[in-house]
Amino acid sequence: MQTVAETKQSLSVERKLKLHEARESIIGRLAANLPTSINLDSFLKVIVSELGRMMEVDRCDIIKLTPEGELRVSHEWRASEDVPSSLDVRIPVDVATLSAHLDVKKPIRLDDTSATELDHKVRFFARSLGTRSLLVVPVVLDEEVLGLIGLHHTRAPRHWSDEEVAFLVSIATQLAIAYQYTRIYTDKKREAETTKALLEIANALNARSDFGEVTSAVLERAVSLVGADYSALGVLDSDEKSISLAAFKAAPQATTDNVRGLIEAHGQSLDITEYPAMVEVLSQGKTLKLLETDLPLPLRAIFNATLGGRAALVAPVRIAGHTFGLLGLVWSEQRDQFKDHEIALVEGIADQIGTALERDHLSAEVMRLKSALHERYGEDRIIGQARAIRRAIELGLSVADTQTSVMIQGESGTGKELLANLIHFNSGREDKPYIKLNCGAIPETLLESELFGHEKGAFTDAHARRRGRFEEANGGTLFLDEVGEMTLGAQVRLLRVLQDGEFTRVGGNEVFRADVRIIAASNVDLEKAVEEGTFRRDLFYRLSVFPIQLPALRERREDIHPLVIHFLEHYKQRTGRFVSGISKEALQALISYDWPGNVRELENAVERAVIIAAGRQIELDDLPAAIGNVVAGRQATLRVERAQAASEGRSTKLEIEVPSSMDEIERQAIEATLDYTSGDKTRAARLLSIGRKTIYRKLEQYNSQNQDPKGSTE
């Protein structure tokens, strides 16, 4: 091993040659291995081994950044067993804190980590690694620090020369390139694997018609793909208050005795109203990511012991925008988090199940949902008297019995699908097929197959011929929701069909003709998309022969009250929960809220409030926090403005809602004046020309009314 005196001298020609040979060896191994193996883990093990030997150090390691922002030693080489190991050690000094004392994007040379002039956080960092002399070089990609290469002397100081630093920097540069290459390769490989898996499931669904056989095959594949212990598919009963087990599949090595015993003990049906998390998944249509660490201890014990789980994913299965059931997967091993591609895969499987069930009528529930939609005069389901919404309905009815393509535009949740239903069921084609396709929910690689079908062997795992949506909709209507999400390639083929009425299946040569009426919908501004080049101009004009714009809910606030009453009655019947009405304060909050999610968000808010307020009237506290925060923020702003006006010696205004009772007007006047006087009741009484005792009596009366609220709105 070199002494400090030797390393202070410029490196010898022989030493430089060895470093050069080591660098070329590492680069050569990188070039030879990455195109074939793409195994960064194995490569990093070689890196630390060769660097450690060539640099004649006690230890060489790779220090990575954890998702929590800490540092962790992921790979390590030691000169001998006597050298202390730091493999897998986590250093509780986050990068942001360390960066305040050291520039982690540049090499760090610490010849003697015990030097008194070093900052205490830097010395702590070195002690955590068990080192006396340290050279650290960052691996940087696009200004992002991916990790650090560390060279250590554990027992004695050492001077790190400029040549050694330059050598390590060149190695770090090659590592960054290797990381980028591997990340791109891994992402593409994972995308291909996900697409292949979804294709396999799509083929399994297309090749079978028996409901039990289909679900069993899909769950078995899902468990295998994500490495779960077991999976279950639950289907909503007709009353939508309970969910029945439609299929259950476990991995060969999984222990599921307790779960199966639970199923046998409680039967195939479960009352979901007792489980708020399940109700939320069903109502909001969002995937539930459940980790045992997120649960309180009593629930965690039940989850572990009864369900044999330590993590779970629960995704909604939707049909035509309506939640049909739940797809759940459970893991018995502890997990820190779920990866994005795992969640996307589970959601993709749930969407595939919903798509197949809707298309192939595999259950009586699907038929029930479709018949519920089949209303000749569908405008009765679109609630509202605002001019903009009535105009949209009039336009829909006027174009319904023509063959003209219709483009419905509006924000998410404004009722585009309801308007499409109205047009179809008044078109003269109401007895013909009505096929719906959400273009944004289908992976790009599957969209053309969904639209036009495919021949057997058209691509990997295409084991059977499949009809597309155009064939299924022949003679009827095809509703293309979120059409703005289509790729340019799919847009070209769609345009050709709209122009010629002809198409071929993917992988086939036979030309098919289809008499299909197109209704398209989009929540993005397609004119802007045309200007940006993400949507074809010619397709836009072909689809937008008859455009209809649906207004946002905030643009028709007069309809919020009747919508609230409608959803109140609907969810009282659906949930079996009785509520006596809704308070004026809560109703006013709903009317004044801006509703970024539009009618769908309002419906979810009312459903949630009905569940919470069972047996009484709905109050402001029963509404989602976002609505309450807006009200609280508005009230706080008014109080500040009134107090500011008082401090400046000027008056301020009070807005009164009409109609309001005299008692309500009096209450608002008193509360506003108290805001104006910053709570000074004597001054408020003087400004209102009433006695001070009257103020106290009125406030006591208001407090009593708040504790026992009355005056609900039905």
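Residues numbered from 1 in each chain as written. Predicted model: local features only at pLDDT ≥ 70, side-chain atom pairs only at ≥ 80, totals over all residues. Heavy atoms only, no water.

> Please clarify how the overall build of the protein chain should be interpreted in this entry.
The secondary structure content of the protein chain amounts to 26 helices and 21 strands. Buried residues in the protein chain amount to 45% of all 714 residues. Of the roughly 35500 Å² that the protein chain leaves accessible, carbon and sulfur atoms contribute 50%. (Helix = DSSP H or I, 4+ residues; strand = E, 2+ residues; numbered from the N terminus. Buried < 20%, exposed > 50% of the residue type's maximum accessible area, 1.4 Å probe, protein only. Areas by Shrake-Rupley, 256 points an atom, 1.4 Å probe, with all protein chains shown as cover.)

> Help me understand helix 17 (residues 488–500), please; the structure alone is not making it clear to me.
An α-helical turn contains 3.6 residues, so a residue and the one three or four places further along point in the same direction. Over its 13 residues, helix 17 extends 19 Å from the first C-alpha to the last, a length consistent with the 18 Å expected when each residue adds 1.5 Å. Within helix 17 the residues assigned to the buried category are A490, Q491, R493, L494, L495, V497 and L498. The positive-phi residue at the C-terminal boundary of helix 17 is G501, with phi of around 70°. (Expected span 1.5 Å × (residues − 1).)

> I keep staring at the environment of F324 and nothing clicks. Help me out?
Within the secondary structure layout, F324 lies in strand 12 (residues 322–331). The exposure class of F324 is buried, given its relative accessible area of 1%.

> When you look at the nonpolar core in this model, what are you seeing that I'm missing?
One broad rule of soluble globular proteins: the nonpolar side chains tend to lie buried together. Within the largest apolar cluster, 60 residues are counted, with the highest numbers of intra-cluster contacts made by L327, I349, F470, L480 and L543. Ranked by residues supplied to this core, first place goes to helix 11 (residues 340–360) with 6 residues. With near-sequence residues (within four places) excluded, I349 lies in contact with L198, I201, V218, A222, L225 and L327. If you look at the next biggest cluster of nonpolar residues, it comprises 29 residues, including Y571, A586, L587 and V631. (Core = buried A, V, L, I, M, F, W, Y, C linked by side-chain atoms within 4.5 Å. Contact = heavy atoms within 4.5 Å.)

> Help me understand the pairing of strand 12 in this model?
Regular strands have side chains that alternate between both faces of the sheet. Of all the 10 residues making up strand 12, 9 are buried; the element is thus mostly covered by neighbouring parts of the structure. Looking at chain direction, strand 7 (residues 230–236) and strand 12 are connected through 6 bridges and run antiparallel. Residue pairing in the sheet places A232 in a bridge with G328 of strand 12. (Pairing = 2+ DSSP bridges.)

> Before we go on, may I ask you to explain helix 25 (residues 681–688) in this structure?
Where helix 25 starts, the residue carrying a side-chain oxygen 3.2 Å from the main-chain nitrogen of T682 turns out to be D680. Downstream of helix 25 by one or two residues, S689 has phi in the positive range, about 60°. (Polar contact = N/O pair within 3.5 Å; in protein donor to acceptor, adjacent residues only side chain to side chain.)

> Is there a simple way to explain the sheet that holds strand 2 (residues 71–78) in this structure?
Across a sheet, strands are paired by hydrogen bonds formed along the backbone, either parallel or antiparallel in direction. Read from one edge to the other, the open sheet built from 6 strands follows the order 3-2-1-6-5-4, with strand pairing classed as antiparallel. Two strands bound the open sheet, and with one partner strand each, they are strand 3 (90–91) and strand 4 (108–110). Inspection of the sheet shows strand 2 paired to strand 3 by 2 bridges, in the antiparallel sense. Residue R72 lies in a different strand from strand 3, and its bridge partner there is R90.

> How should I be thinking about the sheet that holds strand 13 (residues 406–409) in this particular structure?
Spatial strand order, 14-17-20-13-21: 5 strands in an open sheet with parallel pairing. This sheet does not close on itself; its edge strands, each paired only once, are strand 14 (434–438) and strand 21 (546–549). Here the strands of the sheet are splayed against their neighbours by 15° on average, with no regard to which way each runs. By the bridge criterion, 4 bridges tie strand 13 to strand 21 in an arrangement that is parallel. Paired with M407 across the strands is P547, a residue of strand 21. Across the sheet, helix 13 (residues 387–400) is in contact with strand 13, strand 20 (517–522) and strand 21; its angle to strand 21 comes to roughly 155°. (Axes fitted to C-alpha atoms, helices over the stretch in contact; angles between N-to-C directions.)

> Looking at this model, I keep getting lost on the packing of helix 13 against helix 14 (residues 416–425). Mind explaining?
To describe two helices that pack against each other, one gives the angle between their axes and the distance between the axes. Closest axis-to-axis distance for the helix 13/helix 14 pair is 8 Å, and the angle between their directions is 35°. Every pair of crossing elements has a handedness; the one defined by helix 13 and helix 14 is right-handed. Touching A392, I393, G396, L397, V399 and A400 of helix 13 are L419, L422 and I423, all from helix 14. Classifying every residue of the contact of helix 13 with helix 14 by side-chain character gives 8 nonpolar, 1 polar and no charged. (Left-handed = near helix turned anticlockwise from the far one by under 90°. Nonpolar A, V, L, I, M, F, W, Y, C, P; charged D, E, K, R; others polar.)

> Which parts of the structure should I look at to understand the pattern of salt bridges?
Opposite charge on two side chains lets them pair, provided their charged atoms get close. Scanning the model with the defined rule gives 27 salt bridges in all. The shortest N-O distance in the salt bridge between E292 and R310 comes to 2.7 Å. With a gap of 18 residues between them, E292 in the loop between strand 10 (288–291) and helix 10 (297–305) and R310 in the loop between helix 10 and strand 11 (311–319) connect regions that are remote in the sequence. The partner of R469 in a salt bridge is E472, and the shortest N-O contact between them spans 3.7 Å. Pair noted here: R469 and E472 are both in helix 16 (residues 469–472), with a separation of 3 residues, about one helical turn. (Salt bridge = Lys/Arg side-chain N within 4 Å of Asp/Glu carboxyl O.)

> Which parts of the structure should I look at to understand the side chain of D229?
Mapped onto the elements of the fold, D229 is located in the loop between helix 7 (211–226) and strand 7. At a separation of 2.9 Å, a polar atom in the side chain of D229 contacts the side chain of S332.

> How do you make sense of unusual backbone geometry when you look at a structure like this?
One non-glycine residue, D88, adopts positive backbone phi at about 70°. Looking at the element boundaries, D88 is found in the loop between strand 2 and strand 3. Take D88: its relative accessible area is 48%, and that puts it in the partly exposed class. Even without glycine at this site, S689 takes up a positive phi of about 60°. Structurally, S689 is set in the loop between helix 25 and helix 26 (692–707).

> Just to check I follow, could you spell out the packing of aromatic side chains for this structure?
Aromatic ring pairs are defined here through the distance separating the ring centres and the angle between the ring planes. Counted according to the given criterion, the structure contains 9 aromatic pairs. Taken together, the ring pairs in this structure connect F452, F470, F503 and F512 into an aromatic cluster. (Phe/Tyr/Trp six-rings, centres within 6.5 Å; stacked < 30°, edge-to-face > 60°.)

> Teacher, can you tell me more about the packing of helix 20 (residues 560–575) against helix 22 (residues 598–612) here?
Packing of helix 20 against helix 22 leaves a shortest axis separation of 9 Å and a crossing angle of 50°. It follows from the interaxial angle that helix 20 and helix 22 lie oblique. When you trace helix 20 past helix 22, the crossing you get is right-handed. Each of I560, L563, V564, F567, L568, Y571, K572 and T575 in helix 20 lies in contact with helix 22, whose residues at this interface are V599, L602, E603, V606, E607, V610 and I611. Considering only residue class, the contact of helix 20 with helix 22 consists of 11 nonpolar, 1 polar and 3 charged. (Parallel < 35°, antiparallel > 145°, perpendicular 65-115°, else oblique.)

> Would you take a moment to explain the confidence of the model for the protein chain for this structure?
Regions with low pLDDT carry predicted coordinates that are not meant to be interpreted in detail. Looking at the protein chain as a whole, its pLDDT mean stands at 78, while 77% of the residues score no less than 70. Taken as a whole, residues 709–714 scores under 50 in pLDDT and shows 22 contacts with residues more than four places along the chain or in a different chain. (pLDDT = per-residue confidence, 0-100.)

> What is the right way to read the pairing of strand 17 (residues 477–481) from this model?
In terms of burial, strand 17 is a largely internal element, 5 of the 5 residues being buried. Of the two faces of strand 17, the one lined by T477, F479 and D481 and the one lined by L478 and L480 are each fully buried. Across 5 bridges, strand 14 lies against strand 17 in parallel orientation. The partner of N438 across the bridge, within strand 17, is D481. Judged from the 4 bridges that link them, strand 17 and strand 20 form a sheet pairing that is parallel. Across the sheet, residue L478 finds its bridge partner in strand 20, namely I518.

> Sorry if this is basic, but what is going on with the side chain of H152 here?
By the element assignment, H152 lies in strand 6 (residues 144–153). Looking at H152, the relative accessible area reads 0%, which means it is buried. At 2.8 Å, the side chain of H152 forms a polar contact with the side chain of D61. Not counting residues up to four positions away in its chain, the partners in contact with H152 are V57, D58, R59, D61, L129, T131, S133 and L134.

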